[in-house]
Amino acid sequence: MQKREHSKLGGAAGGSAAPAAKRGRPVGSGSNSAAASAAATAAAAAGGDAAAPSTLLGPSLQVHSAFAEQNNKRIVMALQSGLKSELTWALNALTLLSFKEKDDIRKDATPLAKIPGLLDALLQVIDDWRDIALPRVLTKAPRVRTLGANSAVTGFGNEYESVNSGDSVPHPTAGSGSSNKDLSAQKITAKARPSGWWFEEDGLFNLDEEGRAEKQLCAVTASNILRNFSFMAENEIAMGQNRHCLETMFQCLEDYVTEDEELVTNCLETIMNLGPLLDLRIFSSSKPSYIKMTEKRAVQAIMGMLGSAVRSWHCAAAELLGRLILNPDNEPFLMPFAPQIYRRLVDIISFPAGDAQAAAVGALYNLAEVNMDCRLKLASERWAVDRLLKVIKTPHPVPEVCRKAALILENLVLEPQNKPHLLAYENAFAEMLFSETRYADTFARILHELTSRPSNKVASVRGIWGM
């Protein structure tokens, strides 16, 4: 495929020959040969254009805007081929096309929807790794290997050496008393075996650790491309309404204990970017399912991320929950886990990291805004009010986080059932009223709500504000 396309691109470049992509190099290895070949192909596609001015040259490679349009079919076919050289070229090309720096005007975004079949092809790369990622001790029955079913050799690992060596497949040897007839039968079996044993679970492909590592690296690269695509607004609908995409992402979150950390991080950030458009009911819809993911399993996967000790994971999970609750259709699936969510978010607020506090406060703000159960349970949650006040007193380096923390307290006091709990903090609220001028109006309203409409004798005796 590369040779055919190379001749075409070489002609378009006015006869300048670009070097062919080297085979046998994994994505992200110490050498930049794969990236250089992708860049050379992109340069060949743009060879007819004028040279870029020197002011546009920099550490990032310039990719011609028409590269994806001219090679979209080739990119999809390369991903579907299962051949390492083609897969490496496609992944490197997509990485360049999907990466866009802030305020970068040197290359245009590539909408995922404009490349038919690309999303499913990238997901297949991840699924191929997931099919062989389980430890062998967990394999209960032989499985047919579907990766590269149309080719005996895919290029991953040590397949070339194994095929060219001519060594027969090791099998249990017969005893010393075996007849010549049995030996000849074994030779016939050994000769006929190689065409089929590649596709078995216990074949050489699945025993090759180098090949497994390369497939894992391809899956991580594909997940990084999907993450980059999810930042583009024009791709959100196509990805958020694709059940296969969401099922693959959530399944990787479920296996965060054994799965590659970078792969899990990319999947989590992809889902977080799609959060405002995410409807968990898609897992019970009539759309074709590949993994049989359910709404409950999806929420449990998010809770696993929320409880993780990795800061980037529980921060992203907290922000994702804050985005999911904004859709009222997701509320029935999140409410069974509400007590665990409130408790964990309050714990995260106590972390010294500013981004963790911002993520937890943002999630609690959205929960308190749209859900009455959150306002009732959060007021009685131990340390919740103290830690929200601490965020404002410290204060948090981002003023918006402090403002949201103050608004959470205001939402809590609007519920009459919370007043007995919040009256214990009346002096603290009064201190904030006079010390924090930026949030004085908010704490004035809090004190007014605490005492202007007393709901019990304790409030009428202790309340002095707002009269």
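A few points on the structure. (Residues numbered from 1 in each chain as written. Predicted model: local features only at pLDDT ≥ 70, side-chain atom pairs only at ≥ 80, totals over all residues. Heavy atoms only, no water.)

1. What about the overall build of the chain?
Logical step 1: Across its full length, the chain holds 25 helices and zero strands.
Logical step 2: Within the span of the chain, comprising 467 residues, buried residues form 48% of the whole.
Logical step 3: Restricting to contacts in the chain with at least 6 residues of sequence separation, those with at least 24 account for 73%.
Logical step 4: Total accessible area computed for the chain in this model is approximately 23200 Å², and 55% of it derives from carbon and sulfur atoms. (Helix = DSSP H or I, 4+ residues; strand = E, 2+ residues; numbered from the N terminus. Buried < 20%, exposed > 50% of the residue type's maximum accessible area, 1.4 Å probe, protein only. Contact = heavy atoms within 4.5 Å. Areas by Shrake-Rupley, 256 points an atom, 1.4 Å probe, with all protein chains shown as cover.)

2. Quick notes on the packing of helix α20 (residues 384–393) against helix α21 (residues 399–413)
Logical step 1: Taken N-terminus to C-terminus, the directions of α20 and α21 make an angle of 145°; their axes are 8 Å apart at the nearest point. In this structure, α20 meets α21 at a crossing whose hand is left-handed. Between α20 and α21, the contacting residues are V385, L388, L389, V391 and I392 on the first element and V401, C402, A405, A406, I408 and L409 on the second.
Logical step 2: Here the contact of α20 with α21 is composed, by residue class, of 11 nonpolar, no polar and no charged. (Axes fitted to C-alpha atoms, helices over the stretch in contact; angles between N-to-C directions. Left-handed = near helix turned anticlockwise from the far one by under 90°. Nonpolar A, V, L, I, M, F, W, Y, C, P; charged D, E, K, R; others polar.)

3. What about the state of the cysteines?
Logical step 1: Under the defined criterion, the tally for this structure stands at zero disulfides.
Logical step 2: Cysteine C267 remains unbridged, with the sulfur of C252 as its closest cysteine sulfur at 3.8 Å. (Disulfide = S-S within 2.5 Å.)

4. Topic: the pattern of salt bridges
Logical step 1: Inspection of every chain in the model, using the stated rule, returns 16 salt bridges.
Logical step 2: With a shortest N-O distance of 2.6 Å, E319 and R323 are connected by a salt bridge. Of this pair, E319 and R323 both sit in helix α15 (residues 311–324), four residues apart, roughly one helical turn.
Logical step 3: Looking at R323, the relative accessible area reads 23%, which means it is partly exposed.
Logical step 4: Look at the salt bridges and you will find they share partners, linking R130, D255 and E259 into a network. (Salt bridge = Lys/Arg side-chain N within 4 Å of Asp/Glu carboxyl O.)

5. Re the environment of Y342
Logical step 1: Inspection of the secondary structure puts Y342 in helix α17 (residues 338–349).
Logical step 2: The spacing of Y342 and L378 is 36 residues in sequence and 6.6 Å in space, taken between C-alpha atoms.
Logical step 3: Look past the residues within four positions of Y342 in its chain and what remains in contact with it is M335, L367, N371, D373, C374, K377 and E381.

6. Focus: the side chain of S230
Logical step 1: In this fold, S230 is placed in helix α10 (residues 209–230).
Logical step 2: With a relative accessible area of 1%, S230 lands in the buried category.
Logical step 3: Within the structure, the side chain of S230 is placed 2.9 Å from the side chain of N273, a separation counted as a polar contact.
Logical step 4: Not counting residues within four places of it along the chain, the set of residues in contact with S230 comprises E236, M239, E269, T270, N273 and L274. (Polar contact = N/O pair within 3.5 Å; in protein donor to acceptor, adjacent residues only side chain to side chain.)

7. A closer look at the packing of helix α18 (residues 354–370) against helix α19 (residues 372–380)
Logical step 1: Put simply, α18 and α19 touch, their axes get as near as 5 Å, and they point 120° apart. Taken together, the axes of α18 and α19 lie oblique to each other. Residues L364, L367, A368, E369 and V370 of α18 form the contact with α19, whose own contacting residues are M372, C374, R375 and L378.
Logical step 2: Grouping the constituent residues of the contact of α18 with α19 by class yields seven nonpolar, no polar and two charged. (Parallel < 35°, antiparallel > 145°, perpendicular 65-115°, else oblique.)

8. Considerations on the side chain of H244
Logical step 1: Looking at the element boundaries, H244 is found in helix α12 (residues 243–254).
Logical step 2: Given a relative accessible area of 5%, H244 falls into the buried group.
Logical step 3: A distance of 2.7 Å separates a polar atom in the side chain of H244 from a polar atom in the side chain of D127.
Logical step 4: For H244, the residues in contact, after removing those within four places along its chain, are D120, L123, D127 and Y290.

9. Topic: helix α24 (residues 440–452)
Logical step 1: The end-to-end C-alpha distance of α24, which contains 13 residues, comes to 18 Å, matching closely the 18 Å that a straight helix rising 1.5 Å per residue would cover.
Logical step 2: Residues of α24 that are buried: A440, T442, F443, I446, L447, E449, L450 and T451. (Expected span 1.5 Å × (residues − 1).)

10. A look at the environment of N228
Logical step 1: Among the structural elements, N228 can be located in helix α10.
Logical step 2: A relative accessible area of 9% means that N228 is categorised as buried.
Logical step 3: The spatial distance from the C-alpha of N228 to the C-alpha of T95 is 8.2 Å, given a sequence separation of 133 residues.
Logical step 4: For N228, the residues in contact, after removing those within four places along its chain, are S98 and F99.

11. Overview of the nonpolar core
Logical step 1: Judged by nonpolar contacts, the single largest core of 116 residues is most densely connected at L79, L118, L122, F250, L409, F429 and F443.
Logical step 2: Setting aside anything within four residues of it in sequence, one finds L118 in contact with I75, V76, L79, L94, L112 and F229. (Core = buried A, V, L, I, M, F, W, Y, C linked by side-chain atoms within 4.5 Å.)

12. Re unusual backbone geometry
Logical step 1: Omega for the bond connecting T394 with P395 falls within 30 degrees of zero, at -15°, which places this linkage in the cis form.
Logical step 2: Among the secondary structure elements, P395 is positioned in the loop between α20 and α21.
Logical step 3: In this model, K292 sits at a positive phi of 65°, which is unusual for a non-glycine residue.
Logical step 4: Locating K292 in the fold gives a position in the loop between α13 (261–273) and α14 (295–306).
Logical step 5: A positive phi angle, near 70°, is found at W383, a position not held by glycine.

13. Overview of the packing of aromatic side chains
Logical step 1: In this structure the tally under the stated criterion is four aromatic pairs.
Logical step 2: Relative to F429, the ring of Y425 has its centre 6.4 Å away and its plane inclined at 35°; by these criteria the two rings are tilted.
Logical step 3: The ring of W89 carries the charged tip of R74 above its face, separated from the ring centre by 3.9 Å. (Phe/Tyr/Trp six-rings, centres within 6.5 Å; stacked < 30°, edge-to-face > 60°. Lys NZ or Arg CZ within 6 Å of the ring centre and 35° of its normal.)

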